[in-house]
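Analysis of the macromolecular model
Okay, here's what each chain looks like letter by letter:
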Amino acid sequence: MRFVFGALVAGFVVLGCGKDGKSPAGPGDAGGGASSGGSSGSGGTDAGSGGSAATSGGDAAPCVVDTSYNPTIDPTKFKTKVDNPLFPLVPGQKRVYRAGPTGTERVEITVESTTKQILGITTTVLHDVHTVAGEPIEDTIDWYAQDVDGNVWYMGENTKELAGGEVTSTHGTWTAGVDGAKPGIVVQAKPKVGQKYRQEYYACEAEDFGEVLALAESVTVPSGTYTGCLRTHDYTPLEPAINEEKYYCPGIGNVLSVDVATNEREELLMEP
């Protein structure tokens, strides 16, 4: 999953496995509502820890593959649309955000009408383009799916970093079920303050976590003022210095992302 602040955009997930080359011990209690009704299995969404050693290619330091994280995915317990009130995805919708240190960068996200089958599940496709002075620096396709309990799962991404119109990197690309990559939950059906959860897992490439910080936040951005918003802390052990807080508001979804260190903001400019 993409962190979106200026120079931080370029390859936050390509820095290997951290300074010690290892994935951290899992936070535990991951997935939260995913286990209700048995739709996905509570053990499967536990963040987990430990595993067997592996390398991330080239001269990268050895990392630890977390074999304990193994979400149970049953395609019969997934819906064909994503309608969680905190993360609704309606085909044809477009959201525009301003970003960067001066607010001159743009992130445009479109919910595509096409779908993609991943692990036997019909996923919703998002097209995400980040531009600086009108020039694309990142072009990403994301895939999401929602289980019958209302948990929104992140099923993978195809990301390209760009310079001068040329692709410079595709690091961070992953698809659930391919090369050991596993899905995670981006927004829970019944979030609880203090819950920690994996949002994605592709060893040493994509290892984002989330933590629920608050459930009833108010936030003001250019598109308006919103109440009853979920606030999360998103982070990755692959680059511990990068942290952000996100606000998900009823009926809209993500309206604001804030870099914890710099206070840089990505703000929704217009509602879909």
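Analysis parameters
Throughout, a residue's number is its position along its own chain's written sequence, starting from 1. The predicted nature of this model means local features are confined to residues of pLDDT at least 70 and side-chain atom pairs, given and counted, to a pLDDT of 80 or more, with totals for whole chains, interfaces and linings taken over all residues. The basis for every side-chain value is the complete set of heavy atoms in the structure, and neither hydrogens nor water enter the calculation. Note that a disulfide, as used here, is simply two cysteine sulfur atoms within 2.5 Å. Elements are defined by DSSP. Helices are runs of H or I of four residues or more, strands are runs of E of two residues or more, and each kind is numbered from the N terminus. Burial here depends on accessible area, computed with a 1.4 Å probe over protein chains only, as a share of the maximum for the residue type. Under 20% is buried, over 50% is exposed, and the range in between is partly exposed. Paired strands, in this sense, are two strands between which DSSP finds at least two bridges. Stacked, edge-to-face and tilted are the three classes for Phe, Tyr and Trp ring pairs, Trp counted by its six-membered ring, which pair at centre distances within 6.5 Å; planes under 30 degrees apart are stacked, over 60 edge-to-face, the rest tilted. Counted as over-ring charges are cases with an Arg CZ or a Lys NZ within 6 Å of the ring centre that also lie within 35 degrees of the ring normal.

What follows is about the state of the cysteines. This model, assessed by the stated rule, comprises one disulfide. The disulfide partner of cysteine 229 is cysteine 249, and the S-S distance across this bridge is 2.1 Å. Its S-S torsion of approximately 110° makes the covalent link between cysteine 229 and cysteine 249 right-handed. Of this pair, cysteine 229 sits in strand S14 (residues 224-235) while cysteine 249 sits in strand S15 (residues 243-249), placing them 20 residues apart in sequence. Grouping residues by exposure puts cysteine 229 and cysteine 249 together as buried.

What follows covers the pairing of strand S13 (residues 209-221). Direction of pairing for strand S11 (residues 196-198) relative to S13: antiparallel, over a ladder of three bridges. Bridge assignment links lysine 196 to a residue of S13, and that residue is glutamate 211. Taken together, the nine bridges between S13 and S14 define a ladder with antiparallel strand orientation. Counterpart to glutamate 217 in the pairing with S14 is cysteine 229. Linking S13 to S14, which pair antiparallel, is a turn of two residues.

Take the packing of aromatic side chains next. With the rule as written, the count across this model stands at seven aromatic pairs. Aromatic side chains phenylalanine 87 and tyrosine 248 sit 6.1 Å apart centroid to centroid with 50° between the ring planes, which places their arrangement in the tilted category. With phenylalanine 87 in the loop between strand S2 (63-65) and strand S3 (94-99) and tyrosine 248 in strand S15, this pair connects stretches of sequence that are 161 residues apart. Classification of phenylalanine 87 by relative accessible area gives buried; the value is 9%. On the accessibility criterion, tyrosine 248 (2% relative accessible area) is buried. One aromatic cluster is present, formed by Phe87, Tyr144, Tyr154, Trp174 and Tyr248 through successive ring pairs. Positioned above the aromatic ring of tryptophan 143, the side-chain terminus of lysine 116 is 5.1 Å from the ring centre. Above the face of the tyrosine 69 ring, arginine 198 is positioned so that its terminal group lies 5.3 Å from the ring centre.

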